[in-house]
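Each chain, written out:
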Amino acid sequence: MVAGPPPLTGLKVLEFAGLAPGPFAGMLLADAGADVLRIDRASEAQERPAGDLLTRHKASVAVDLKNPAGVALVLELARNADVLIDPYRPGVMEKLGLGPDVLCAPNPRLIYGRLTGFRRDGKYATMAGHDINYLAVSGVLGLLGRKGDKPTSPWNILADFGGGGANLFQGILLALAARERSGRGQVVEANMVDGVSYLATFPRFALKTPIGDQPRGENLLDTGCPYYDTYETQDGKFVAVGALEPQFSSILIKGMGLAGQGWDRKRYDRENWPEMRRVFEETFKTKTRAEWESVFDGTDACCTPVYEYSEMEGNPKTEGAQRPSVTLRDTPCLAVRKDSSNARDGQGPGVEGEGYVGYHLAIGDGGAAMLGKWLKWTDGKDFSVEQGGAVLKKTSKL
């Protein structure tokens, strides 16, 4: 069966340049086949290259938003767009004359996606912040870390990307589904505090159950439990153990050579956890990670190697080949790696870096071609570039 075009083919997206969560939402749309045109500020083209690495399948156009003709160009693009991504703090787009009241009136089908870190109506609304701050005020950061240690922020994965970009992407898809029924777009407001708090629904519920009612780092799933943790091996590498169920634990204990010592029975008593952890630590250090792989591969012991990306890149024996996060069998998303060959890998030629190397999209790269594709505009006739920024020609129709 021949695959159909990616699911969002033909969708026109304006992404105002930002860092991390906004571009990630745009990349998710682009990976699904949408035409994503990043709006860069012309002043930044002269000062520094864009810092965004989440650029695959996108194009860029530089616009001087202080020039009325530049604003006019954005207004005309928004009039013809399906989705807009606003990554700024509250009020920034309104000051530019590009708020939702302005842009949605002439284009009632426009889905105006807004993403902030803190809640727009909360006490921190006007403050700057980063992933760690959004985790902190959401309550999630207080869950993360080992016993006796301070809360630990896991890179910027949870708030920026999970609670932010991916959550905005979900909201945009919901708005697209609603538009199919109503014919109208709407404003989609996402923020990382609410997004990451939603991701933490189960741990929050668990705080009132035996699964998670102990202090940080002393619970079943937060490194408190010895059969749900990581262990160092003889060669300084690590394995991950997640043998929660008794049938899986029995296989683990047998593979470790600890059968017949009563650990299957004693594992339920928290009083035995410190001793069990000590035994596990000593046992895993008797073999290399590869040796433990040979013991547990193909079993239900829930014991797997902890790989680092540096050893996965280009290694066909691991699951490190990057591909879209979901598989649509009939209309696969666009490919990430270059040798894609089936729906799970996506479709198309893949991208530079194959999901391991991000690359800068030069400001203005591909913008003229995208304007031609969307509106059949040509440089010099419908728009021109003045002082590094694209502007709408006065002869163009608003």
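Residues numbered from 1 in each chain as written. Predicted model: local features only at pLDDT ≥ 70, side-chain atom pairs only at ≥ 80, totals over all residues. Heavy atoms only, no water.

- As recorded in an unreviewed UniProt entry, the protein goes by Alpha-methylacyl-CoA racemase and comes from Podospora didyma.
- Regarding the protein, the relevant UniProt record gives this comment under Sequence similarities (unreviewed entry): "Belongs to the CoA-transferase III family." (UniProt positions renumbered as here; feature names shortened; annotations may be inferred.)

**Some points on the nonpolar core**
Working step 1: In terms of nonpolar packing, the biggest core is built from 37 residues, with Val-13, Leu-29, Val-83, Ile-85 and Leu-168 touching the most fellow members.
Working step 2: Of all the secondary-structure elements, those providing two or more residues to this core are α1 (21–31), β4 (83–86), β5 (111–116), α6 (131–138), α7 (157–182), β6 (187–191) and α8 (192–199).
Working step 3: By size, the runner-up hydrophobic cluster in this structure holds 32 residues, among which are Ala-59, Ala-78, Leu-110 and Phe-383. (Core = buried A, V, L, I, M, F, W, Y, C linked by side-chain atoms within 4.5 Å. Buried < 20%, exposed > 50% of the residue type's maximum accessible area, 1.4 Å probe, protein only. Helix = DSSP H or I, 4+ residues; strand = E, 2+ residues; numbered from the N terminus.)

**Details of the packing of α1 against α7**
Working step 1: Their axes nearest at 8 Å, the elements α1 and α7 cross at an angle of 45 degrees. Between α1 and α7, the angle is such that the two are oblique. With respect to the hand of their crossing, α1 and α7 are arranged in right-handed fashion. On α7, the residues touching Pro-21, Phe-24, Ala-25, Leu-28 and Leu-29 of α1 are Asp-160, Phe-161, Gly-164, Gly-165, Ala-166, Leu-168, Phe-169 and Ile-172.
Working step 2: Residues of the contact of α1 with α7, tallied by class, amount to ten nonpolar, two polar and one charged. (Axes fitted to C-alpha atoms, helices over the stretch in contact; angles between N-to-C directions. Parallel < 35°, antiparallel > 145°, perpendicular 65-115°, else oblique. Left-handed = near helix turned anticlockwise from the far one by under 90°. Contact = heavy atoms within 4.5 Å. Nonpolar A, V, L, I, M, F, W, Y, C, P; charged D, E, K, R; others polar.)

**Let's talk about the pairing of β4**
Working step 1: Of the two faces of β4, the one holding Val-83 and Ile-85 and the one holding Leu-84 and Asp-86 are both buried throughout.
Working step 2: Where β4 and β5 come together, four bridges link them in parallel fashion. By the bridge assignment, Asp-86 is partnered in β5 with Arg-114. (Pairing = 2+ DSSP bridges.)

**Thoughts on the side chain of Thr-288**
Working step 1: Within the secondary structure, Thr-288 is located in the loop between α12 (273–284) and α13 (289–296).
Working step 2: In contact with Thr-288, not counting residues within four places along its chain, are Thr-233, Gln-234 and Asp-235.

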